[in-house]
Amino acid sequence: MSIFFAFLIATSASAWNPFSSEEFTDVPLSKPELQKVKFNAGWAKDDDQTLIFEVSNGLRGPIQCSAANVELITGKSVGKVFVPKFAIPGQATRNASMQVVKGTMKAYALTCSCFKKKGEEACINPIAR
């Protein structure tokens, strides 16, 4: 029985990597890339508690956003980590949200990145063949 558990531990330690034949890196968006991505934030008419982010990806390749930070007018900050990261395909728009009371926000920022193949500049989908 203990041999079986040893096999399970050894197998789980060497996890399957769908990108093993290629070298992809998750990198922050560059300034020119950020200029092609539009960010909006606001509240729905019937909900003063939930801040909605709208991210429109003007790039050809997909991006993903991992976190949002909001600076409040009181000087405090609130943040949310998106697990999993929310993906926005190229030329598409997606929404995300977090709890922020309407009228308390001073500024906001989203942390977004994309996958790039080593030596290339364009954002690409690492699972597309």
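For the structure, check the block above.
What comes next is a walk through the structure. Predicted, not measured: the structure shown is a model, and the values here were computed from it.

Turning our eyes to something else, we now look at the sheet that holds strand β6 (residues 92-99). Backbone-to-backbone hydrogen bonds pair the strands of a sheet. The strands run either parallel or antiparallel. One open sheet accounts for three strands, arranged β2-β3-β6; its pairing is antiparallel. Looking along the sheet, the strands with just one partner apiece sit at the ends: β2 (37-43) and β6. Neighbouring strand axes in the sheet, compared pairwise and without regard to direction, differ in orientation by 20° on average. Bridging between strand β3 (residues 50-57) and β6 involves eight bridges; their strand directions are antiparallel. Within the sheet, the bridge partner assigned to S56 lies in β6 and is T93.

Below, the discussion takes up the pairing of strand β5 (residues 77-88). Bridge count between strand β4 (residues 63-72) and β5: eight bridges; the pairing is antiparallel. Each bridged residue has a counterpart across the sheet, and for Q64 the counterpart in β5 is A87. The hairpin turn running from β4 into β5, its antiparallel successor, is four residues long, and G75 in that turn takes a positive phi close to 100°.

Turning our attention to the nonpolar core. The biggest cluster of nonpolar side chains holds 21 residues, and the ones touching the most others in it are L29, F53, V55, I63, V70, F86 and L110. Of all the elements in the fold, those that place two or more residues in this core are β3, β4, β5, β6 and β7 (105-117). Apart from residues lying up to four places away in sequence, L29 is in contact with L34, V37, L59, I63, C112, S113, C114 and C123.

Here the focus is the side chain of Q64. Structurally, the position occupied by Q64 is in strand β4. Q64 has contacts with D26, K85, F86, A87, T111, C112, S113, C114 and F115, leaving out every residue within four places of it along the chain.

Now for the layout of surface pockets. Volume-wise, the largest pocket comes out at about 220 Å³. Residue lining of the largest pocket: S30, E33, K36, L59, R60, G61, K116, E121, A122, C123 and I124, and that is the complete set. Considering only residue class, the lining of the largest pocket consists of four nonpolar, two polar and five charged. Contributing to the lining of the second largest pocket are 13 residues, with P62, I63, Q64, A87 and F115 lying nearest its centre. Mapped onto the lining of the second largest pocket, the elements with two or more residues apiece are β4 and β5. With three residues, the top contributor of residues to the lining of the second largest pocket is β5. For the lining of the second largest pocket, the residue count by class is nine nonpolar, two polar and two charged.

On to unusual backbone geometry, then. Look at the link from V83 to P84: it is a cis peptide, with omega at -5°. With respect to the secondary-structure elements, P84 resides in strand β5. A positive phi is found at Q91, a non-glycine position, where the angle reads about 60°. Turning to its location among the elements, Q91 is positioned in the loop between β5 and β6.

Calculation notes
Residues numbered from 1 in each chain as written. Predicted model: local features only at pLDDT ≥ 70, side-chain atom pairs only at ≥ 80, totals over all residues. Heavy atoms only, no water. Pairing = 2+ DSSP bridges. Helix = DSSP H or I, 4+ residues; strand = E, 2+ residues; numbered from the N terminus. Axes fitted to C-alpha atoms, helices over the stretch in contact; angles between N-to-C directions. Core = buried A, V, L, I, M, F, W, Y, C linked by side-chain atoms within 4.5 Å. Buried < 20%, exposed > 50% of the residue type's maximum accessible area, 1.4 Å probe, protein only. Contact = heavy atoms within 4.5 Å. 1 Å grid on protein atoms, 1.4 Å probe; cavity = no way out; pocket = protein on both sides within 12 Å on 5 of 7 lines; lining within 4 Å. Points joined across faces, edges and corners; volume = space filled by probe spheres on them. Nonpolar A, V, L, I, M, F, W, Y, C, P; charged D, E, K, R; others polar.

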